[in-house]
Amino acid sequence: MNEQELGREIAKLLDYSADENIKQSTLYRLQSARRAALQNSQSTLEIMNSGNNTSVYGEHDEHFNTGKLLLLILALFAFTLVSATYWQFLEKNKSTVDTTILIDDLSTETYFDNESDLIDDLLTETYSDNESDLTDSSPAEARIYDESELSNDVPTEAHIDHESERVDDMPIDARIDNELDEWFDSNK
Amino acid sequence: MAILATREELSDFLIETERRAYKQALFAVHDEHAALDIIQDSMMKLAASYSAKPAEELPLLFQRILQNTIRDYYRRQKTRSLWTTLFSAFTPSDQDKSQEDFDILETLQIKPESNYIKEPDEQLERAQMINLIEKAMEILPARQREAFILRYWEEMSLAETAVIMNCSEGSVKTHCSRAVHTLASILREKGVKL
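Bear in mind that the values here come from a model prediction, so they are computed numbers and not experimental data.

1. Digging into the overall build of chain A
At step 1: For chain A, the count of helices and strands is nine helices and zero strands.
At step 2: Seen in sequence order, chain A has helices and strands lined up from the N terminus as α-α-α-α-α-α-α-α-α.
At step 3: The buried share of chain A, taken over its 188 residues, is 13%.
At step 4: Excluding contacts between residues fewer than 6 apart, the proportion of contacts in chain A whose partners are at least 24 apart in sequence is 0%.
At step 5: As presented, chain A carries roughly 14800 Å² of accessible surface, and 56% of it is formed by carbon and sulfur atoms.

Structural data, given as structure tokens:
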């Protein structure tokens, strides 16, 4: 007899043992334990709701309606509270929406340095922008930047050099004419 | 979709399992009252927590609960044994104990339901063999007994047994093999040949 057959044979004998070799009092207690367990299971299942206004065993559960109603009231209350708060928030911020948007566009450094001036500057700039938009196709800021770029690109020494070069580049006749004009003006 | 166990299915399962489970607990704890407590606890736990599970999952769950409850009993015994040795003088005498153990239900006759053995000598021989096997089962190491019962008595697969015992399938095979060899050698020593 191999291992598995021997195991099964012993298991068969254990089955007989379980069927016959248990005292009546033990069987009675086992039965009591089983009943208690099943009662426990029934009471547990009654709490669980199937969602169709009935318990698992199909019995009407009064607590389900109350709970559902309470949940609904709570949900409505929460919705009202949230919507009221949101409406208040919207009303409060309605007048300052434009300013808020402009301030939000600025960087934090400028915000801390000179807040009021910057706001004023911004407002005037926007006005000038609008005006320039109406008159010219190019914006005022762009023109200012272009000018500053032109002026800043050339250093001061270079400016002087350019002027002297211009004077040097003039022809001698013209220089004499200029000197004569200056002399006449002084003798007048 | 798994169909949840009805109350009748749960009841049928418990009726089918309770005797084997009781024996299983008895082999483990060697005490009838403790074994009954373990079975009741296991049944309560199953009914309270897993009665909404599909019927086919119940054997696995029940065996797992049973094994855990037996382990809990061992742990509690370890703690209690310390106090019982300290206060051993307060334990009742044997005479009191014998009176305490008397139960009127034990005087009732068991209904002779089994009819597979007709001859009295065969019945006696079978009873002796069962007695031997039960004693051998009590001697077996806990893990070997657990593996043997789950595999051969409860007819569970290797995977299921491994899940319940919280070990690998290889370990289950080893435990089963050792259990069968030990039981066979015990029976051989007593002159029993299966």
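2. What about the packing of helix 6 (residues 142–153) of chain B against helix 7 (residues 158–165) of chain B?
Residue and element names in this part refer to chain B.
At step 1: Contact geometry of helix 6 with helix 7 gives a least axis separation of 10 Å together with a crossing angle of 140 degrees. Judged by the angle between their axes, helix 6 and helix 7 are oblique. Classified by chirality, the crossing of helix 7 by helix 6 is right-handed. In this structure, helix 6 contributes Arg-143, Glu-146, Ala-147, Leu-150 and Arg-151 to the contact, and helix 7 contributes Leu-158, Thr-161, Ile-164 and Met-165.
At step 2: Each residue belonging to the contact of helix 6 with helix 7 can be placed in one class, and the counts come to five nonpolar, one polar and three charged.

3. Quick look at the interface of chain B and chain A
At step 1: Taken together, the contact pairs 47 residues of chain B with 41 residues of chain A.
At step 2: Approximately 4100 Å² of surface area, both sides summed, lies buried where chain B meets chain A, with 68% of it carried by carbon and sulfur atoms.
At step 3: Viewed at the interface, chain A and chain B are joined by two salt bridges.
At step 4: Lys-23 of chain A is the salt-bridge partner of Glu-32 of chain B, the closest N and O atoms lying 3.0 Å from each other.
At step 5: Those elements that place two or more of their residues in the side of chain B that touches chain A are helix 1 (7–29), helix 2 (32–50), helix 5 (120–139), helix 6 and helix 8 (169–189) of chain B.
At step 6: Among the elements that line the side of chain B that touches chain A, the one with the most residues is helix 1 of chain B, at eleven residues.
At step 7: Classifying every residue of the side of chain B that touches chain A by side-chain character gives 28 nonpolar, eight polar and eleven charged.

4. Section: a nonpolar patch on the surface
At step 1: A cluster of nonpolar residues, Leu-69, Leu-72, Ile-73 and Leu-76 of chain A, forms a patch on the protein surface that exposes about 420 Å² of accessible area.
At step 2: Looking at the secondary structure, you find Leu-72 of chain A in helix 3 (residues 62–94).

Definitions and cut-offs
Residues numbered from 1 in each chain as written. Chains lettered and ligands numbered in written order. Predicted model: local features only at pLDDT ≥ 70, side-chain atom pairs only at ≥ 80, totals over all residues. Heavy atoms only, no water. Helix = DSSP H or I, 4+ residues; strand = E, 2+ residues; numbered from the N terminus. Buried < 20%, exposed > 50% of the residue type's maximum accessible area, 1.4 Å probe, protein only. Contact = heavy atoms within 4.5 Å. Areas by Shrake-Rupley, 256 points an atom, 1.4 Å probe, with all protein chains shown as cover. Axes fitted to C-alpha atoms, helices over the stretch in contact; angles between N-to-C directions. Parallel < 35°, antiparallel > 145°, perpendicular 65-115°, else oblique. Left-handed = near helix turned anticlockwise from the far one by under 90°. Nonpolar A, V, L, I, M, F, W, Y, C, P; charged D, E, K, R; others polar. Buried area = accessible area lost by both parts, 1.4 Å probe. Salt bridge = Lys/Arg side-chain N within 4 Å of Asp/Glu carboxyl O. Patch = residues over 30% accessible without salt bridge, like charges linked within 9 Å, V, L, I, M, F, W, Y side chains within 5 Å.

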